[in-house]
Each structure stands twice: as structure tokens, then as C-alpha cells.
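# Structural overview
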Amino acid sequence: AVADGYLRRIPKAELHCHLAGTLRATTVAELAARAGLALPRPADKLYQWPDFYGFLDVLRLTALVLRTPEDFSRAVYEYVEDAVRDGNLRHVEFFFNPDYFYPNGIDYPAMVDGMIEGIEAAKKMFGVSSLLICCIDRSTNTPAQAVEIVETAIAHRRDHVVGIGLDGAERAGPPATFAEAYALAKRAGLHRTAHCCEDNQTLVEAPPTNYLICRDVLQCDRIDHGYNMLASDFVMAEARRDGLYFTPCAWTSLVHNRPHRPQRIRRMVEAGLNVTINTDDPAMFETDLGHGFTTLFESIGWGPDMARKFSLNSVEGSWLDESDKSALR
Ligand code: ES4
Ligand code: ZN
């Protein structure tokens, strides 16, 4: 076993973290009050849902509180502050779904400028670097809308927005649906990742072959989650050979799959995949960077060598350029 303190203190990069899922409940309450937005429950009871689909609804609802560039700046800064304290965060790559926020009356350049302001303040205060990943919700966007999102991402602040992602309910938008958007992103030199084979979907809804589609059709250079791939030895062997980095998340409060998650991550590691450990939606799942490592290591019994391996993997799998990676190594 390895001490809780060591797991919290080892430096980490986080590659799978949705900004809308990081908001402190107290910040949500304060911003909602200021915006005159009625929440369905008190803020400290907001992060509750019956199932994965209910969770996605709450995520969209909470996102409604971010209305001004200052709100976006604050959200980024507060997450970095929390994750430095809870898990010695050194670098983070935030997913943000621009269309979550359009109903709030803010446009893409304003929200990105706001996040960059928070990134720069957090860099100054904590020495932590952040990059942004423009994310497409597969359950609410048509292929044509996805292309528009990518066109927008290509046109603004490419110094910070370095890639695209695909989230939401996998069964509602199989990866091949977004082939055109991903081809456009690749031509423009954006990195590409996608949520794939998430374990809140069945093997029919999110089959192992989704990995092959993400690799070959979307040409992803990283993969989020990946657990359902374990059902296919062929797909696992391919993934091992491909060497892409995976971003499973140690803890989820989506209760039905919580007990299986650590064992699935263990099997991904033992199959030879390049694995990093992440939080996904830390505030909403009532976890944090240190807690994820601690619960995972407790349940598997890994030692400090594995903590160092995950720490290094998170740097190698990041989308930092080579000089920034070597500064973190
Ligand atoms: C998500 Cl856990 C999860 N799965 C799919 N999409 C998401 N967006 C935010 N969290
Ligand atoms: Zn996610």
C-alpha cells in the first residue's frame, strides 16, 4: 500500500476534466442568485440524479450560471486552486462545450477569452498550465452542427484551444456520425479525442469496436474512458499496439458502475494500455484529484511505482508541446 499523502502530493497532469463539472456548489449558488436563476434544489443538494441521463441534465443546468467572461475566468481559476490543494495539479486540459453556454447570452470568443484570463491568473498564482478542448455533445448536435463547432474552434485562440472532444451519451451519437467534423479538425491541425466505450453504456450502446471507429474514422490521438473495450481481446490487442493514451476516471458517483471502475482501470493497465487517471466531473461526482488516486490505489493495492507511472503518463499523453512536456518531466 502507499500513503494517502504521497498519492495526493505526487505531481499530476489532468487530461479529462469538464469545466462545467468542476464548479463548486457554493459558486453555483452565488452565480445563480446573481443571475436570478432558480435552481430546482438548494446548491448543496444540486449534484444528485437518478442515472447517467439525469446527470447530463444537471450538468447542462449548472452550466447556465456561467454568463460573463469573468464567470469563466473564475471557474477555471477555482478549479486549478482546488486541484493544486487536493492533488498537486501541474497541468490541466479542460473540456468546454460552447453550446452549453450560448443560451446564457455569451458568444464563443467571450467565453474563451474569459477562460484564458483564468488560465493566466492560475499560471501566475500556482505555476499550473492549462489548455482548452472544444467539446461536441454527441446527443444534441447534428453532424452539420458539429462541423460548425469545429469551424468556430479553428477560428479563435488556437494558442489555447488545441483540440476537440466528443462527450454526452455514446448511444445517441456513435462516433462515425462526426467523421466530417473530425476530418476538418485534423486538416486544421487540432488534436482529437472522444469519449469512447464508457461503462455507463451497455456493450450494445458503446461496443468495443467504437475504439476502432475513433481510431480509424475520427483519427483520434487520445481516447477518453475506454472501459467497455475490455470485452474484446482483439480490440485490446489493437489498442496496446497503437499506443494511444487513455483517460479513464477513477471515481464516478453514477452509482451503478462505481464498484467496477477500479478493476476495469486495473485491467486496462495490465493489458498494456497507456493509462492516465482523471476526475471527469470532480465537483459533481464528489471527488477530487487526490481522492481519485487514493480510492483507486486502495482498491487495487498498487504501490508508489504505479503512482509515478501515472504521473509521467499524464505528461506524455498531454497535448503540451515538447518543450513544455520536458519542463514537467
Ligand atoms: C460526462 Cl461522465 C460523462 N460522460 C459523457 N459525457 C460527459 N460530459 C460530462 N461528463
Ligand atoms: Zn468525460
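First, a word on what this report is: a plain description of the structure on this page. Fair warning: this is a prediction, and the values are worked out from it, not measured in the lab.

Conventions adopted
Residues numbered from 1 in each chain as written. Chains lettered and ligands numbered in written order. Predicted model: local features only at pLDDT ≥ 70, side-chain atom pairs only at ≥ 80, totals over all residues. Helix = DSSP H or I, 4+ residues; strand = E, 2+ residues; numbered from the N terminus. Rg over C-alpha atoms; globule rule 2.2 N^0.38 Å. Buried ≥ 20, exposed ≤ 12 C-beta atoms within 10 Å, placed from the backbone. Pairing = 2+ DSSP bridges. Contact = placed C-beta atoms within 7 Å. Axes fitted to C-alpha atoms, helices over the stretch in contact; angles between N-to-C directions. Arc of directions from axis to C-beta.

### Considering the overall build of the protein
A count of helical and extended segments in the protein gives 14 helices and nine strands. Taken over the C-alpha trace, the protein has a radius of gyration of 18 Å; the compact-globule value for 329 residues is 20 Å, and the two agree within 12%. Each principal axis of the C-alpha distribution contributes one length, and for the protein these read about 50 × 45 × 45 Å. Burial statistics for the protein: of 329 residues in total, 50% are counted as buried.

### Digging into the sheet that holds strand 5 (residues 191–192)
What the five strands build is an open sheet, ordered 1-2-3-4-5; its pairing is parallel. At either end of the open sheet lies a strand with only one pairing partner, and these are strand 1 (12–18) and strand 5. Seen against the sheet, helix 4 (residues 69–87) touches strand 1, strand 2 (89–96) and strand 3 (129–137) and runs at an angle of roughly 140° to strand 2.

### Brief notes about helix 2 (residues 25–35)
Restricting attention to buried positions, one finds in helix 2 the residues T27, V28 and L31. Taken around the axis of helix 2, the buried residues stretch over an arc of 100°, which confines them to a single face. Those residues of helix 2 that are buried are in contact with helix 3 (52–63) and helix 4. G36 lies just past helix 2 and shows a positive phi near 70°.

### Points about unusual backbone geometry
Of note, C197 is a non-glycine position whose phi angle comes to about 55°, a positive value. According to the C-beta neighbour criterion, C197 is buried, with 31 such atoms within 10 Å. For H225, which is not a glycine, the phi torsion comes out positive at approximately 70°. Among the secondary structure elements, H225 is positioned in strand 7 (residues 222–225).

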